2 protein chains.
Amino acid sequence: MKQATVWDRSRQLARQEILEAAVRLFTTQGYDRTTTSEIAAEAGVSQRTLFRYFGTKEDLVCGDQDALGELLRTTVESQPPEVSAWAALRAGFLVLATANHSLDLTLTLSKLIFATPSLQASYVQKRLRWQQDLLPAVRDRLGGGSERELEARIVIAVSFACVDASTATWVASDGTEDIEALYDQAITVARSAK
Amino acid sequence: MKQATVWDRSRQLARQEILEAAVRLFTTQGYDRTTTSEIAAEAGVSQRTLFRYFGTKEDLVCGDQDALGELLRTTVESQPPEVSAWAALRAGFLVLATANHSLDLTLTLSKLIFATPSLQASYVQKRLRWQQDLLPAVRDRLGGGSERELEARIVIAVSFACVDASTATWVASDGTEDIEALYDQAITVARSAK
DNA sequence: TGCCAGTGTGTCAGTGACTGCCAAGATGGC
DNA sequence: GCCATCTTGGCAGTCACTGACACACTGGCA
């Protein structure tokens, strides 16, 4: 199954180049003040090609999120059965944090998302989908029955809230704090708060 | 301070007419397959006027949410001091449920939002803002210190998750079930799940 | 009654994201 | 070298949305 890869390589290269140009312009000019044709020109491709690689302007920032959601779900599902729902989710989040290509790029993109309302919307929407996709696995881990559906929703929502809180703190600290510790701290608060 | 109200009345009327036309077209054709100029024509105004009343196409569906968020916040803040954070939030949500103009319209719009991804995004985003606005009040009710900020975030997130779950169930039941009971059920699950 | 300021509306042109279509060039298998 | 396949660029068009301008209407004041 060895692929010819001349096309594949150039595709990969073009994609990379477009992405870099986009991030460069976004960080210097801001997301809203950067047009897609500008990015295309900077990357040396036509606007049409840009939209073939990234279906949406938002995808230039949030596009990789889809793959991350998939990674999260499979990680949670592949935890051994004796692992609790809480622990399974924690494991999934940790894999995400370490799987992120470069912490530096992650920090840059996170700042961009936090600073741009329209990006926040698409980011939150993608995360909502993650939560939906996690429902079956978490429900099964809680005991299975459809009565556990509500409980599963809550467990997932709380876990994500902890990710949010710790991520926000992490970004605010410019990436100096330890995300894992922050998450555990948030979970501790959540499970004792009542 | 009696207002002249000839303008006000015609403004109110135009707004109402645009809104009704929009809902009519959205429910019959779907949100994405309805253009703003179509709505304007149906309402008998120019497209420009439509955008003066509703800054965004999404606002035609989610526009009133802003006022609701304000109502939620003031309700929570005005609860007596001895009321717990959980109870204060519950009180706020109840006011929202009953304050909704018409349950019928609410049900229609909710279905529209649930069925349209782009609407979900703006809906969720607005609700995120509500959560932020609620932070100070809830934190104070939990004891005040900045250490309570994380806890406040969690309490709010869990409460909203319960609203989500109960609303989803309510919409799925076509509005026949009692939202208040559903919410209490969700909260019970949330506070015992751990 | 006539004038004037404030406000609402329509028209028009324009921007920016995004899509369908088609022609041209590059690539790889034969 | 030939042909199917893939990729790209250009172009026209749609749709959401905005700024600018002119016109009309309302209410207050002289």
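Just so you know, these numbers come straight off a predicted model, no measurement behind them.

Visitor: In this structure, what is going on with the packing of helix α1 (residues 6-29) of chain A against helix α2 (residues 36-43) of chain A? I would like to understand it.
Guide: When two helices pack together, their arrangement is given by the angle between the helix axes and by the axis-to-axis distance. Residues and elements named next belong to chain A. The contact between α1 and α2 brings their axes to 8 Å, and the two run at 125 degrees. Judged on the interaxial angle alone, α2 and α1 are oblique. Crossing hand, α1 versus α2: right-handed. Along the contact surface, α1 presents Glu17, Ile18, Ala21, Ala22, Arg24, Leu25, Phe26 and Gln29, while α2 presents Glu38, Ile39, Glu42 and Ala43. Considered class by class, the residues forming the contact of α1 with α2 number seven nonpolar, one polar and four charged.

Visitor: Would you mind showing me how to read the protein's contact with DNA strand D here?
Guide: The immediate surroundings of DNA strand D are formed by 20 residues, with A:Thr49, A:Arg52, A:Tyr53, B:Arg48 and B:Lys57 found nearest. Per the 4 Å cut-off to the protein, sugar and phosphate atoms form 57% of the nearby atoms of DNA strand D. In this structure, B:Thr36 approaches DNA strand D through a main-chain N or O atom, which is 3.1 Å from a phosphate oxygen. Taking B:Lys57, its main chain carries an N or O atom lying 2.7 Å from a phosphate oxygen of DNA strand D. Where the surface near DNA strand D is concerned, the elements lending two or more residues are α1 and α3 (47-53) of chain A together with α1 (6-29) and α3 (47-53) of chain B. Broken down by element, the residue count for the surface near DNA strand D peaks at four residues, all from α3(A). Here the surface near DNA strand D is built from residues that sort into seven nonpolar, eight polar and five charged.

Visitor: Would you explain the protein's contact with DNA strand C in this entry?
Guide: Taken together, 19 residues lie near DNA strand C, and A:Val6, A:Arg48, A:Lys57, B:Thr49 and B:Arg52 sit nearest. Contact between DNA strand C and B:Arg52: a base nitrogen at 2.8 Å from a side-chain N or O atom of the residue. In this structure, B:Tyr53 approaches DNA strand C through a side-chain N or O atom, which is 2.9 Å from a phosphate oxygen. Sorting the residues of the surface near DNA strand C by element identifies α1 and α3 of chain A together with α1 and α3 of chain B as the ones contributing at least two each. When residues of the surface near DNA strand C are assigned to their parent elements, the largest contribution, four residues, is made by α3(B).

Visitor: Could you clarify how one ought to interpret the relation of the copies chain B and chain A in this entry?
Guide: Mapping chain B onto chain A calls for a rotation angle of 180 degrees and an axial translation of 0.1 Å; the resulting RMSD is 0.1 Å. The relationship between the two copies is best expressed as a two-fold rotation axis. Across chain B, the rotation axis passes nearest the C-alpha of B:Ala121, at a separation of 2.7 Å. A high fraction, 100%, of the interface residues of chain B reappear at the interface in chain A, so the copies pair face to face through one surface.

Visitor: Would you explain the packing of helix α6 (residues 85-99) of chain A against helix α8 (residues 117-142) of chain A in this entry?
Guide: All names here are of chain A. Across the interface, α6 lies against α8 with an axial gap of 9 Å and an inter-helix angle of 140 degrees. Taken together, the axis directions place α6 and α8 in an arrangement best described as oblique. Between α6 and α8 the crossing geometry is right-handed. Facing α6, whose interface residues are Ala85, Ala88, Leu89 and Leu96, α8 presents Trp130, Leu134, Val138, Arg141 and Leu142.

Visitor: Help me out: how do you make sense of the packing of aromatic side chains in this one?
Guide: Counting across every chain of the model gives seven aromatic pairs over all chains. A ring pair is formed by B:Phe26 and B:Tyr31, whose centres lie 4.8 Å apart and whose planes are at 50 degrees; its orientation type is tilted. Residue B:Tyr31 is classed as buried on the basis of its relative accessible area, which comes to 6%. Pairing B:Phe93 with B:Phe160 gives two aromatic rings, centres 5.3 Å apart and planes at 90 degrees, and the pair type is edge-to-face. Linking B:Phe93 in helix α6 (residues 85-99) with B:Phe160 in helix α9 (residues 148-172), this pair joins segments that are 67 residues apart in sequence. Here B:Phe93 falls in the buried class, since its relative accessible area comes to 10%. An aromatic cluster is built from B:Phe93, B:Trp130, B:Phe160 and B:Tyr183, whose rings are joined through pairwise contacts. Over the aromatic face of A:Tyr31 sits the side chain of A:Lys57, whose NZ or CZ is 4.4 Å from the ring centroid.

Visitor: How should the environment of A:Glu77 be read in this particular structure?
Guide: Residues and elements named next belong to chain A. Note that Glu77 resides in helix α5 (residues 65-77). Its relative accessible area of 40% is what places Glu77 among the partly exposed residues. Spatially, the C-alpha atoms of Glu77 and Ala165 are 24 Å apart, while their sequence positions differ by 88 residues. Those residues within four positions of Glu77 in sequence are excluded, and the remaining contacts are Ala137 and Arg141.

What counts, and at which threshold
- Residues numbered from 1 in each chain as written.
- Chains lettered and ligands numbered in written order.
- Predicted model: local features only at pLDDT ≥ 70, side-chain atom pairs only at ≥ 80, totals over all residues.
- Heavy atoms only, no water.
- Axes fitted to C-alpha atoms, helices over the stretch in contact; angles between N-to-C directions.
- Helix = DSSP H or I, 4+ residues; strand = E, 2+ residues; numbered from the N terminus.
- Parallel < 35°, antiparallel > 145°, perpendicular 65-115°, else oblique.
- Left-handed = near helix turned anticlockwise from the far one by under 90°.
- Contact = heavy atoms within 4.5 Å.
- Nonpolar A, V, L, I, M, F, W, Y, C, P; charged D, E, K, R; others polar.
- Near = heavy atom within 4 Å.
- Polar contact = N/O pair within 3.5 Å; in protein donor to acceptor, adjacent residues only side chain to side chain.
- Least-squares fit on C-alpha atoms with pLDDT ≥ 70 in both.
- Phe/Tyr/Trp six-rings, centres within 6.5 Å; stacked < 30°, edge-to-face > 60°.
- Buried < 20%, exposed > 50% of the residue type's maximum accessible area, 1.4 Å probe, protein only.
- Lys NZ or Arg CZ within 6 Å of the ring centre and 35° of its normal.

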